[in-house]
Amino acid sequence: VLAAAATWGFTEAPVLTGILLLIGVGTGLPTGMLLKIVPFLAWFHLHHRQLDTGRFDVRVPHMLTFLPDGQGRWQFAGHALALLGLGAAWWNPDLIPLASGALALSALGLGVLLGGTVARFRRIAMALQVARDEAGSGTIAEGDASTERS
């Protein structure tokens, strides 16, 4: 944001300002939020399922187990490198394919990280489901829901 604000005053650099705002802020902030929100939601939903089923023999891991901070830092480094490459491509257009490839790899890395989080979520959700099925159906009939939970 600060780099984009610094280039805002230059009349010959609107493309650089656009790169910094669109790629740096427009994709960087949502990416950072996804890397924090998705593991929380996975943990939250699994914890809720565990409480609903009463199956405390299946361990729901900590949020950082779903997506460790170190992996998120590597993805941020890839995004920052792509952003630097795109900024450098403003001065040297020959760098556009390289910078675009770095941005694509950064997006692929984000997809791999989120896919890993989903895979961990599904594996633990399946373990909770298997534990639930082994203990019985564990479901409450529609008419009994208000009396069972009160």
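These notes cover the structure that comes with them. (Residues numbered from 1 in each chain as written. Predicted model: local features only at pLDDT ≥ 70, side-chain atom pairs only at ≥ 80, totals over all residues. Heavy atoms only, no water.)

**Remarks on the environment of Trp91**
And then number 1: Tracing the chain through its elements places Trp91 in helix H5 (residues 69-91).
And then number 2: When its relative accessible area of 63% is taken as the criterion, Trp91 is described as exposed.
And then number 3: Measuring from C-alpha to C-alpha, the distance between Trp91 and Leu16 comes to 9.2 Å, with 75 residues separating the pair along the chain. (Helix = DSSP H or I, 4+ residues; strand = E, 2+ residues; numbered from the N terminus. Buried < 20%, exposed > 50% of the residue type's maximum accessible area, 1.4 Å probe, protein only.)

**Focus on the pattern of salt bridges**
And then number 1: Tallied over the entire structure, the rule returns two salt bridges.
And then number 2: Asp69 is the salt-bridge partner of Lys36, the closest N and O atoms lying 2.8 Å from each other. You can see Lys36 sitting in helix H3 (residues 28-53) and its partner Asp69 sitting in helix H5, a full 33 residues away along the chain.
And then number 3: According to the relative accessible area criterion, Asp69 is partly exposed, its value standing at 30%.
And then number 4: The salt bridge partner of Arg55 is Asp57, with a shortest N-O separation of 2.9 Å.
And then number 5: When its relative accessible area of 55% is taken as the criterion, Asp57 is described as exposed. (Salt bridge = Lys/Arg side-chain N within 4 Å of Asp/Glu carboxyl O.)

**Concerning a nonpolar patch on the surface**
And then number 1: A surface patch of nonpolar side chains, about 540 Å² in accessible area, is lined by Leu29, Met33, Ile37, Phe40, Leu41 and Phe44.
And then number 2: For Met33, a relative accessible area of 47% puts it in the partly exposed group. (Patch = residues over 30% accessible without salt bridge, like charges linked within 9 Å, V, L, I, M, F, W, Y side chains within 5 Å. Areas by Shrake-Rupley, 256 points an atom, 1.4 Å probe, with all protein chains shown as cover.)

**What about the packing of helix H2 (residues 14-25) against H3?**
The description of two helices packed together rests on the angle between their axes and the distance between the axes.
And then number 1: Running from amino to carboxyl end, H2 crosses H3 at an angle of 10°, the nearest separation of the two axes being 5 Å. One finds that H2 runs roughly parallel with respect to H3. In this structure, H2 uses Ile23, Gly24 and Val25 to contact H3, whose residues at the interface are Gly28, Leu29 and Pro30.
And then number 2: The residue makeup of the contact of H2 with H3, split by class, is four nonpolar, two polar and no charged. (Axes fitted to C-alpha atoms, helices over the stretch in contact; angles between N-to-C directions. Parallel < 35°, antiparallel > 145°, perpendicular 65-115°, else oblique. Contact = heavy atoms within 4.5 Å. Nonpolar A, V, L, I, M, F, W, Y, C, P; charged D, E, K, R; others polar.)

**Some thoughts on the packing of H2 against H5**
And then number 1: Where H2 contacts H5, the axes come no closer than 10 Å and their chain directions differ by 165°. The angle between H2 and H5 falls in the class roughly antiparallel. Relative to H5, the crossing made by H2 is right-handed. Residues Val15, Leu16, Ile19, Leu20, Ile23 and Gly24 of H2 pack against His79, Leu83, Leu86, Gly87, Trp90 and Trp91 of H5.
And then number 2: Of the residues assigned to the contact of H2 with H5, the class counts are nine nonpolar, three polar and no charged. (Left-handed = near helix turned anticlockwise from the far one by under 90°.)

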